Amino acid sequence: MREFGYERAFDVSGAVALIGSDPDARFLGGGTNLVDLMKTGVERPALLVDVRELPLDRIELERDGGLRIGATVTNSDLAAHPDVRRHYPALAQAVLAGASGQLRNMATVGGNLLQRTRCGYFTDISRPCNRRSPGSGCPAVGGEHHNHAILGASEHCIATHPSDMAVALAAFDAVISYETADGPGELPIDGFYPPVGDTPHIETTLPPGALITGVTLPPAPVAARSRYRKVRERASFAFAIGSIAGALDVEDGVVREVRLALGAVASMPWRARAAERLLVGGPASAEAFAAAADAELAAAEALPDNGYKVTLMRNLIVAVLTELTEEVSR
Amino acid sequence: MTPSTSSAITLNINGEKYTLPVDHRTTLLDALREHLDLTGSKKGCDLGQCGACTVLLDGRRAVSCLQLAVAAEGRAITTIEGVADGERLHPVQQAFLDLDGYQCGYCTPGQICSAIAVIEEHAAGWPSAATDDVRPEAGVPALSAEEIRERMSGNLCRCGAYVSIVQAVAQAAEVQGKEAVA
Ligand SMILES: Cc1cc2nc3c(=O)[nH]c(=O)nc-3n(C[C@H](O)[C@H](O)[C@H](O)COP(=O)(O)OP(=O)(O)OC[C@H]3O[C@@H](n4cnc5c(N)ncnc54)[C@H](O)[C@@H]3O)c2cc1C
Ligand code: SF4
Ligand code: FES
Ligand code: FES
């Protein structure tokens, strides 16, 4: 591991000033992803600026019913918070589905959003990888890709974003706030993770040196009836091979509002807008759910070893919508 | 200016203060084992994947292999060496002994530190991924075997002593519940 300096920041402007425009400086949250990647040499920072003492560790219910979540709130505190569990249950479930109790105590909201892909070539510095080392190639396309993307990928990179939390945030139209030396800014989660194209190394649209200060969830009554389902290769403590955050409002058998976001299928949490459009105003029936799933997955492009995800996601969409419909009628 | 790559730090471990120089690259696990001779915390994977290195930071369980020592300054660190009350074992330690919650014992310090926190998290009303309804109105379900397995999933045991580990955690939770009432 490369040697590095360590500074603790106590206020937002101090944190931003310490990072400055140094491309070799990194913010340190819980360190559960960054320290891991420093051990393997993927990350080689010269300076770490610890953000854990910043006054960004609160969750507040806003006057309009939305929720403001500070960037250094731990994943555990997020999932345990009564307002999250009451108003956005799928968010609590998504966070609880990720990692382990130990890691959730350490991990922060900001770090979770910026965690890097689990593609095995990305984490092995002896292998080429366009995302880690632009232009070097993508061995996953012709190699090990059973847990790689089926939506929105390109020949340059087929990696997935591994976060469970971000899938629920995408379903609920989260807005990410940040601070740079030029002042504060905001980015909707839709657009926060740019399309892969031929620049997989550009992973977010945050300006350089930006400190994430928090995440705001707009009020969404539909979110009170929401669920997160995650499929993985063992019962617990594993990354998703497919996941879904869903919310549904049905009246007299007709879909009034629906939110669907899919995980482990793309380089970003995938908001299933095609499916949502098809569902709204139509019947809450098994046929309609299947048709919506098919519409969303029509654009899927599978490689030899990840085609199972198309079927898996279709089944997950139908299952979660069916469960939510049953919940409504209870 | 190149920043300094090492610091003299003071760690608060099991109620005692230890001052030591550390290269910033040192993890808390390595500081405990290699610098302070506190070898109860074990190194299994060094990647956050096995839980053998679990300690409590300000009362919450964490993997010390992904925690930089320099970033742990100012926090109350509890290791397996500090969970007993003098000669009196912690109820979780006692339950692991009573029920054979181990075979080789390598994962055991991490299992015990994790279990101590699991019981507290559950008592504090935290739901888990095994909890059907996470809404606060629904309350938290009892610490069933299914809940224990999910909550303890960050601790692997190569010997596969899981059956008795789950029993030990359940017994310790029961004993502590009774003590709390008494
Ligand atoms: C064994 C293991 C299993 C896991 N399983 C899962 C899983 O099943 N599901 C899942 O979703 N995740 C999983 N994770 C990933 C885990 O959720 C992330 O590592 C964690 O959320 C990252 O948060 P952190 O605070 O530790 O980030 P750090 O490691 O501290 O930082 C990550 C990145 O974010 C940057 N950063 C941190 N905070 C800020 C900020 N405020 N502003 C700007 N930049 C910032 C850092 O510079 C770094 O680049 C797992 C991790 C491990 C080690
Ligand atoms: S899929 Fe992306 S991250 Fe994985 S090797 Fe290819 S370029 Fe790298
Ligand atoms: S040694 Fe820390 S989790 Fe395995
Ligand atoms: S008792 Fe041997 S690894 Fe758990």
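Going by the structure above, here's the rest.
Notes on the structure follow. It should be emphasised that the depicted structure is a prediction, and the values quoted were computed from it without experimental measurement.

## Digging into the interface of chain B and chain A
At the interface, 42 residues of chain B touch 42 residues of chain A. Both faces combined, the contact of chain B with chain A buries some 3,400 Å², and carbon together with sulfur accounts for 55% of it. Among the residues of chain B in contact with chain A, R25, L66 and V134 of chain B are the three that bury the most area, contributing 19% of the side total. Viewed at the interface, chain A and chain B are joined by 5 salt bridges. Linking D46 of chain B and K39 of chain A is a salt bridge whose minimum nitrogen-to-oxygen distance equals 3.0 Å. At the junction of chain B and chain A, the tally comes to 19 residue pairs in polar contact (both at pLDDT 80 or more). By residue class, the composition of the side of chain B that touches chain A is 15 nonpolar, 15 polar and 12 charged.

## Some points on empty space enclosed by the protein
Applying the stated criterion across every chain yields a total of 2 cavities of 30 Å³ or more. Lining the largest cavity, in full, are S76, A80, L96, G101 and R104 of chain A together with R61, E121, W126, P127, S128, E150 and R151 of chain B. Of all elements in the fold, only α3 (75–80) and α6 (101–106) of chain A together with α4 (145–151) of chain B reach the threshold of two or more residues within the lining of the largest cavity. Considered as a void within the structure, the second largest cavity measures approximately 70 Å³ in volume. Looking at the second largest cavity, it is lined by 14 residues, and the ones nearest its centre are C119, C129, N130, C138 and C157 of chain A. A per-class count over the lining of the second largest cavity returns 9 nonpolar, 4 polar and 1 charged.

## A word on the pattern of salt bridges
For the structure shown, the criterion picks out 34 salt bridges over all chains. In this structure, the salt-bridge partner of E43 of chain A is R26 of chain A, at a minimum N-O distance of 3.0 Å. On the criterion of sequence distance, the pair formed by E43 of chain A in the loop between α2 (34–39) and β3 (47–50) and R26 of chain A in strand β2 (residues 25–28) is long-range, its members being 17 residues apart. Residue E43 of chain A is classed as buried on the basis of its relative accessible area of 9%. Between D58 of chain B and R75 of chain B there is a salt bridge, with its nearest N and O atoms 3.2 Å apart. Highlighted residues: D58 of chain B in the loop between β3 (54–57) and β4 (60–63) and R75 of chain B in the loop between β4 and β5 (76–78), separated in sequence by 17 residues. Linked by salt bridges that have partners in common, D173, D190, E257, R259, R271, R273 and E276 of chain A make up one network.

## Brief notes about the nonpolar core
Burial of nonpolar side chains together is a common tendency in soluble globular proteins. The biggest cluster of nonpolar side chains holds 90 residues, and the ones touching the most others in it are L78, L91, L113 and F172 of chain A. Here this core gets 8 residues from one element, more than from any other, and that element is helix α11 (residues 308–329) of chain A. If sequence neighbours within four positions are ignored, F172 of chain A has contacts with Y88, A90, L91, L217, P218, A223, S226, A247 and R259 of chain A. Residues Y6 of chain A together with L29, A31 and V70 of chain B belong to the second largest nonpolar core, which totals 34 residues.

## Considerations on the packing of aromatic side chains
All names here are of chain A. In the structure shown here, the tally under the stated rule is 2 aromatic pairs over all chains. Relative to Y193, the ring of F192 has its centre 4.9 Å away and its plane inclined at 90°; by these criteria the two rings are edge-to-face. Of the two residues examined, F192 and Y193, each falls in the buried class.

## A few points about the site of ligand 2
Near ligand 2 lie 14 residues; those nearest to it are C119, C129, C138, C157 and I158 of chain A. The residue inventory of the shell around ligand 2, partitioned by class, reads 10 nonpolar, 3 polar and 1 charged.

Basis of the calculations
Residues numbered from 1 in each chain as written. Chains lettered and ligands numbered in written order. Predicted model: local features only at pLDDT ≥ 70, side-chain atom pairs only at ≥ 80, totals over all residues. Heavy atoms only, no water. Contact = heavy atoms within 4.5 Å. Buried area = accessible area lost by both parts, 1.4 Å probe. Salt bridge = Lys/Arg side-chain N within 4 Å of Asp/Glu carboxyl O. Polar contact = N/O pair within 3.5 Å; in protein donor to acceptor, adjacent residues only side chain to side chain. Nonpolar A, V, L, I, M, F, W, Y, C, P; charged D, E, K, R; others polar. 1 Å grid on protein atoms, 1.4 Å probe; cavity = no way out; pocket = protein on both sides within 12 Å on 5 of 7 lines; lining within 4 Å. Points joined across faces, edges and corners; volume = space filled by probe spheres on them. Helix = DSSP H or I, 4+ residues; strand = E, 2+ residues; numbered from the N terminus. Buried < 20%, exposed > 50% of the residue type's maximum accessible area, 1.4 Å probe, protein only. Core = buried A, V, L, I, M, F, W, Y, C linked by side-chain atoms within 4.5 Å. Phe/Tyr/Trp six-rings, centres within 6.5 Å; stacked < 30°, edge-to-face > 60°. Near = heavy atom within 4 Å.

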